[in-house]
Amino acid sequence: MKILFLCSGNATRSIIAQAIANFHGGADVQAFSAGTRPSEIKPEVLALLQHKGIKTDSLYSKHLDTYQGEHFDVVVTLCDEVRAECEHQLQGQHILPWEIASPSARHSANALQQTLFEINEQVTALLHEKKVKPDEISPLQFYKCLADDIRLKTLAMLNVEGELCVCELMIALEQESQPKVSRHLSQLKKAGILCDRKYKKWVFYSINPTLPEWMQAVINTTVLHQPNYIALELKRLSSMGERPSQAAACCE
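Attention here is on the structure that accompanies the text. (Residues numbered from 1 in each chain as written. Predicted model: local features only at pLDDT ≥ 70, side-chain atom pairs only at ≥ 80, totals over all residues. Heavy atoms only, no water.)

Here we look at the side chain of Arg236
Alright, step 1. Inspection of the secondary structure puts Arg236 in helix α10 (residues 231-238).
Alright, step 2. Arg236 gets classed as buried once you look at its relative accessible area, which sits at 17%.
Alright, step 3. Discounting chain neighbours no more than four positions away, the residues touching Arg236 are Ile171, Ala172, Leu173 and Glu174. (Helix = DSSP H or I, 4+ residues; strand = E, 2+ residues; numbered from the N terminus. Buried < 20%, exposed > 50% of the residue type's maximum accessible area, 1.4 Å probe, protein only. Contact = heavy atoms within 4.5 Å.)

Now the structure itself:
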């Protein structure tokens, strides 16, 4: 799995994510990081990583342009600012927005440690999903998973939006109850088609980055050739605004 972590400065969060992903992933993972306005890595960041037994020799801050034209399996943005700046520059099969506060925004004595802990939690969850092997699903099982309006519309919306929480899906699907939506999500996750991540009290779902190309092609083709199938659902999502106000509109 090839992953790119992005934040504006590429000095703290994205550097920590890169180091942790390579530490946990071993030979199966290639993690990189960059920023839109890179600055020097803070010494305390390197010191904390070294204290955790994570190598820092290859870490340095670099601009997003370093990876121009390069494709990644997963691109993770770690702040709203970089998402807005790079919306049309990201070259990834899956774009994941992670809401992780910077140490400077935490105002606590162990702010850097808290940031590292949250990033470690998200990275290990992402790499755990990599171990799911959806290619073991037979074609019949895969198509059975798609043979339901809620499940198919959910996959189609995730193909467009990248990531959605249960509450957003409830709004988009309208009239569907939380237990019913969650049951379908659980089925797709159990099959290895979806993966999830937790952020505070929310659970966000996305299409498994390791989904075989032919399965991804089926979902892509459905969205491209039948745009009206989820037009109304996407309109409901759009009316909710952007995150974090979008999540707040239905989750709080």
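Remarks on the environment of Gly25
Alright, step 1. One can find Gly25 in helix α1 (residues 13-25).
Alright, step 2. In this structure, the C-alpha to C-alpha distance between Gly25 and Val123, residues 98 residues apart in sequence, is 9.4 Å.

Here we look at α10
Alright, step 1. Considered for burial, the residues of α10 that qualify are Glu233, Arg236 and Leu237. Burial along α10 is one-sided: seen end-on, the buried residues are contained in an arc of 100°. Those residues of α10 that are exposed and angled more than 90 degrees off the buried face are Lys235 and Ser238. (Arc of directions from axis to C-beta.)

Structural notes on the pairing of strand β7 (residues 202-207)
Alright, step 1. Extensive coverage of β7 is indicated by the burial of five of its six residues.
Alright, step 2. Two strands pair when backbone bridges link them, and strand β5 (residues 164-165) and β7 are joined in this way by two bridges, in the antiparallel orientation. The partner of Cys165 across the bridge, within β7, is Phe204. (Pairing = 2+ DSSP bridges.)

Points about the environment of Thr154
Alright, step 1. Here Thr154 shows up in helix α6 (residues 149-161).
Alright, step 2. Contacts of Thr154, omitting those with residues within four sequence positions, involve Leu169, Leu173 and Leu185.

Regarding unusual backbone geometry
Alright, step 1. Unlike most non-glycine residues, Asn10 shows phi in positive territory, near 50°.
Alright, step 2. Positionally, Asn10 belongs in the loop between β1 (2-6) and α1.
Alright, step 3. Residue His107 is not a glycine yet carries a positive backbone phi of 55°.
Alright, step 4. Residue position: His107 is located in the loop between β4 (92-97) and α4 (111-130).
Alright, step 5. Take His107: its relative accessible area is 73%, and that puts it in the exposed class.

Re the pairing of β1
Alright, step 1. Extensive coverage of β1 is indicated by the burial of five of its five residues.
Alright, step 2. A two-sided burial pattern is seen for β1, the buried positions comprising Lys2, Leu4 and Leu6 on one face and Ile3 and Phe5 on the other.
Alright, step 3. Pairing analysis gives five bridges linking β1 to strand β2 (residues 30-34), with the strands arranged parallel. The residue of β2 that forms the bridge with Lys2 is Gln30.
Alright, step 4. Once the chain exits β1 it traverses α1 before rejoining the sheet at β2, and the crossover so formed is right-handed.
Alright, step 5. The sheet contact formed by β1 and strand β3 (residues 72-77) spans four bridges and is parallel. (Right-handed = clockwise from strand over helix to strand, strands pointing away.)

As far as function goes, none of this settles anything; it's purely spatial.
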